Every structure is written in C-alpha cells, then in structure tokens.
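Spelled out, the chains give:
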Amino acid sequence: MKNIFCRGILSLVFTLVAATTSVAQNKSVKVGESLPESFWTTSFQVVNHPQKTLNLSDDKNKLILLDFWNTWCSACLKAFPKMELLKEQFGDKVKILAVSNQDRQTLEKFFASKNGQRFNNVVSVAGDQLFHPLFPHQGVPYVVWIKDGKLLSTTDGAQVNENTIRKVLGGESSGLQTVIQMSRERPLMLSEDFDREKGLSMINYSLFAKGRIRGMGFGSGFRRSGNQIYGRQFTNLSLLEIFSTLADEIFQMRKESFSEKRRIVEVQNPAVLDYIKKADGSVEDGNLYSYEYIVPLSKADSLYPLMLKNISEYADYSATIEKRKVRCLVLKRTSSTDKLRTKEGPTRFSFSMTETILKNASLYKLVNNLNAIPAVSLPIVDDTGITGNVDLTMGTISDVASIRKALSKYDLDLQEEEREIDMLIIRDKLKN
C-alpha cells in the first residue's frame, strides 16, 4: 500500500514537472530572445506537402520567416505569390513557412476551391498550436523573422521583400520596423502606466496622427458603456473616409441619409484627401490617418459633432455640415391614400437590386439604401412625412426610372427639385 502511494506521488510530481516544462516552452518570445528547443523539435501538421507533419530541426542555420495567415485574409492571399518567388530566389538560405490556426479540413477545402487552387503550392501549417503561443498577435498577415536561433523581428507582410532579406542575410541593418500588434480594447498609444495609477480615471482622450500605425489594421472601433457610444477610433484610413464616416453618424442621428452625394469637396487638390494608390495596388502609408476621441458618458450624445469639430481644428482641412441649395430627388406621396400601412408583425428589411422587402420597417432604411445606388446621381430626400413603419416590396431596380415605376404602386414618386439640405462641406484651410 505504501509503495502504491509513493508511486502515485511520484507520478503526480512528474506530471506537474511536465506541465510546467510545457508552459515554459510555450511562453511568448520577445525580440532578441532565443527560441526554445521545442520550436525546433516539435512536429506540426502541414498541407500541400507529401508529408503530413514536419519540424524545423534542419532549418536552424537559415533565415526563417513564419507567415501567419487565414483563408479569409485577402492581403495574406495577395502576398502568397511574392513569398513563393522569394523562396525560389533565395533557395536554402531562407525558409518561408505559412502558418494558420485553421484546421486541416478547412485549409484543404480552401485549397481545393476555385480561389484556393491558385495557391495550392503553398506549404502551410494547419491547426497550429506551436507558433501562435510563441508569437501572439491580434491579426494577419503577420510575419515573424528568426535568425541565428533568435527572434529578430515581427513585421507586417509589406516589409518582406528582396532588399530586406538580402540585408538581413548580410548582417546589415535591415531597416525592419518591428510591429507589436495593438488591441482596439485600449485607447491608441495610451501607456500601460496609466492602468497602474490608482484612483485615476479617464475623462477625455484624443489622438490624431498622420502616417501608418503598423501595429493596427485598417478600420474602426468603438468605446461603449451599455448602449451608449462614448468613444470612436479610426486607424490607417484616409481623411476623406474619416470625415465621411463622422458625417454619416451625424446624419443617422437626425434620421437623414448620407452618401457621397451629400458631400461637397472644395479643396485645390482633392486627391490628397483620399487614399493614394501605388503601382502594386497598395496605398501610400504617409497619407493615412489615425484618430481617436473619447468623451465623458454625459456627452455621449454629442460625440460625433465634437469629433468633427475637433479633427477639423487640427487637420489641414475643415469639415462642417451646412445648408446648401442643391438638385435633389424628393420622395413624395402622390395621393392621400395610405398604401403603405403595415400589417405589423416581425420587422423585416432586405434590400437588393432584384428584390426589396420592408415588413413593419422604417421608410428611412429604404431611402438610405436607394441613396447608395451608383446610378442614382442625385441625393434622395424624404418628403413623405411618414414616421411610422411601413410594408413595401419592390422588384428589380437599376436606375431612377425603374425605382419610380416600383414606387408608383404605393402612390410614391421621386421628383427632381432644387432643395436646401444639409451637406458635408470639406474645405482647404486659409493659411496665414
């Protein structure tokens, strides 16, 4: 009995030691640190290779690039041909390995698809559990550079090219900008020192920066408390997109529809407001902007007007919402008969160019979507006076004439008129 007890204790000890060792091996690696032995010896699943599993034990003397990706990432797929060319160019000097945490079945299904067949020569890790814990990140593409058994850098995919690889292989300063991906959960660039200060609470926060933040993706995020939005974050977008998004939010608050048709650009060089495209289809980093603004909950209802005013103060351009007299398509009732009366029931709204259905839904949703149709060149404004929900169905629409025909059965019409309406006006600032 005593021996059985002792063996049980020893077994528990060995289990704890093994678990501790495993945790230590999976600890994230920082730039400049050596890779754990498990990095080289642990086998991992792969697809698009004669073997089902591989390891990196024979690659210790190579420059290794781990290219983290997923099937839904268009930027990742776009970079695959470049990665394959670099593999051929540098041969045994460089190991480039695609890494996905999606399982084998998902990857094999993707590579068998019409879109994926273009990349079925890409050898990829499947269902990764080894590399993600060592190199945690928020999004993809994300590239890990390993040289001489150490983590050299972590970058975005744009920094992988012949020039940077040659410099790294030659021991020169590569100019790589290390990317430590940030979370949208935190205000942009706010130091973690803030969190350590007891009794300190944020009242207002603002950051406005020009140039790409490589640690963040292209997009937007919100600060919420329940149903209240008290902060908004934009990263790596054009000024035109930021201005327009803020205007769209303000128009929605007013139950009005915003589109580029409600925007007037009065600047000498409007191209610099938008994304500047490069020959390869990517955009110039130097013309991207990031902006975040946080207000107290008591001012949450004024967030977007405050943001538009704030960014206009510091940008090279001002953006305001003003009344302008412009040509419009005015949605009007052509009779006093109510042919839109809802039968109530569950709310349903679906919009397409082939079929549109409103069931117990707001007419505002219809107007908002009609404004987004490219063939409709003028802004549509609602002058029906209908505030409640309606029932309405429309068949195929393609232009103003087909929309008018579809609306006519409800005694509605679009009539072109000159109206004074709210418009987003973007201007050059007067320079002293």
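What you see is a predicted model; the values in this text were computed from it and never measured.

Some thoughts on the overall build of the chain
Thinking step 1. Scanning the chain for helices and strands turns up eleven helices and 18 strands.
Thinking step 2. The C-alpha atoms of the chain give 28 Å as radius of gyration, which overshoots the globular expectation for 432 residues (22 Å, by more than 25%).
Thinking step 3. In terms of principal-axis extent, the alpha carbons of the chain reach across some 95 × 60 × 55 Å.
Thinking step 4. For the chain, with 432 residues in total, the buried portion stands at 43%.
Thinking step 5. For the chain, the share of sequence-separated contacts (at least 6 apart) that also reach a separation of at least 24 residues comes to 72%.

Digging into the state of the cysteines
Thinking step 1. Taken as a whole, this structure holds one disulfide when the rule is applied.
Thinking step 2. What pairs with Cys-73 in a disulfide is Cys-76, and their sulfur atoms sit 2.3 Å apart. For the disulfide bridge between Cys-73 and Cys-76, the dihedral angle about the S-S bond is near 80°, and by the sign convention the bridge is right-handed. The pair Cys-73 / Cys-76 is uniform in exposure class, with both members buried.

Let's talk about unusual backbone geometry
Thinking step 1. Cis peptide bonds are those with omega within 30 degrees of zero, and the linkage from Val-140 to Pro-141 qualifies with 0°.
Thinking step 2. Here Pro-141 shows up in the loop between α5 (131-134) and β6 (142-147).
Thinking step 3. One non-glycine residue, Asp-148, adopts positive backbone phi at about 55°.
Thinking step 4. Looking at where Asp-148 falls in the secondary structure, it is placed in the loop between β6 and β7 (150-155).
Thinking step 5. By relative accessible area, Asp-148 is classed as exposed at 62%.

Digging into the pairing of strand β15 (residues 356-362)
Thinking step 1. Burial within β15 is extensive, with five of its seven residues counted as buried.
Thinking step 2. Following strand β14 (residues 348-350), the chain reverses through five residues before pairing antiparallel with β15.
Thinking step 3. As defined by bridge partners, β15 adjoins strand β17 (residues 389-394) across five bridges and the pair is classed as antiparallel. Paired with Thr-356 across the bridge in β17 is Met-394.

Looking at the sheet that holds β15
Strand pairing in a sheet takes place through backbone hydrogen bonds and is either antiparallel or parallel in direction.
Thinking step 1. Read across the open sheet, the three strands follow the order β14-β15-β17; overall the sheet is antiparallel. Looking along the sheet, the strands with just one partner apiece sit at the ends: β14 and β17. When the angles between neighbouring strand axes are averaged without regard to direction, this sheet yields 20°.
Thinking step 2. Docked against the sheet, helix α10 (residues 363-370) engages β14, β15 and β17, running at close to 140° with respect to β15.

A short note on the nonpolar core
Thinking step 1. With 37 residues, the main nonpolar core has Phe-39, Leu-66, Phe-131, Phe-135 and Ile-146 as its most contacted residues.
Thinking step 2. Of all the secondary-structure elements, those providing two or more residues to this core are α2 (37-41), β1 (44-47), β3 (63-68), α3 (74-90), β4 (94-99), α4 (104-112), α5 and β6.
Thinking step 3. In contact with Phe-39, other than residues within four places in its own chain, are Leu-56, Ile-64, Leu-66, Leu-130, Phe-131, Leu-134, Phe-135 and Ile-146.
Thinking step 4. Of all hydrophobic cores here, the second largest spans 27 residues; its members include Phe-258, Tyr-289, Met-307 and Tyr-317.

A closer look at the UniProt feature "coiled-coil region" (unreviewed entry) in the chain
Thinking step 1. In this numbering, the UniProt entry assigns the feature "coiled-coil region" (unreviewed entry) to residues 400-427.
Thinking step 2. From the first C-alpha to the last, residues 400-427 spans 31 Å; its make-up is 32% helix and 57% strand.

Digging into the sheet that holds strand β12 (residues 289-294)
Thinking step 1. Reading across from one edge, β8-β12-β10-β9 is the order of the four strands in this open sheet, with antiparallel pairing throughout. The outermost strands of the open sheet, each flanked by one partner alone, are β8 (205-210) and β9 (219-225). When strand polarity is set aside, the average angle formed by the axes of neighbouring strands in this sheet is 10°.
Thinking step 2. Note that β9 and strand β10 (residues 228-237) share seven bridges and pair antiparallel. Of the residues in β10, the one forming a bridge with Gly-219 is Thr-235.
Thinking step 3. Running over the sheet, helix α8 (residues 239-253) touches β8, β10 and β12 and is turned about 160° from β10.
Thinking step 4. On top of the sheet, helix α9 (residues 303-314) reaches β8, β9, β10 and β12; it is set at about 35° to β10, its chief contact.

The rules behind these values
Residues numbered from 1 in each chain as written. Predicted model: local features only at pLDDT ≥ 70, side-chain atom pairs only at ≥ 80, totals over all residues. Heavy atoms only, no water. Helix = DSSP H or I, 4+ residues; strand = E, 2+ residues; numbered from the N terminus. Rg over C-alpha atoms; globule rule 2.2 N^0.38 Å. Buried < 20%, exposed > 50% of the residue type's maximum accessible area, 1.4 Å probe, protein only. Contact = heavy atoms within 4.5 Å. Disulfide = S-S within 2.5 Å. Pairing = 2+ DSSP bridges. Axes fitted to C-alpha atoms, helices over the stretch in contact; angles between N-to-C directions. Core = buried A, V, L, I, M, F, W, Y, C linked by side-chain atoms within 4.5 Å. UniProt positions renumbered as here; feature names shortened; annotations may be inferred.

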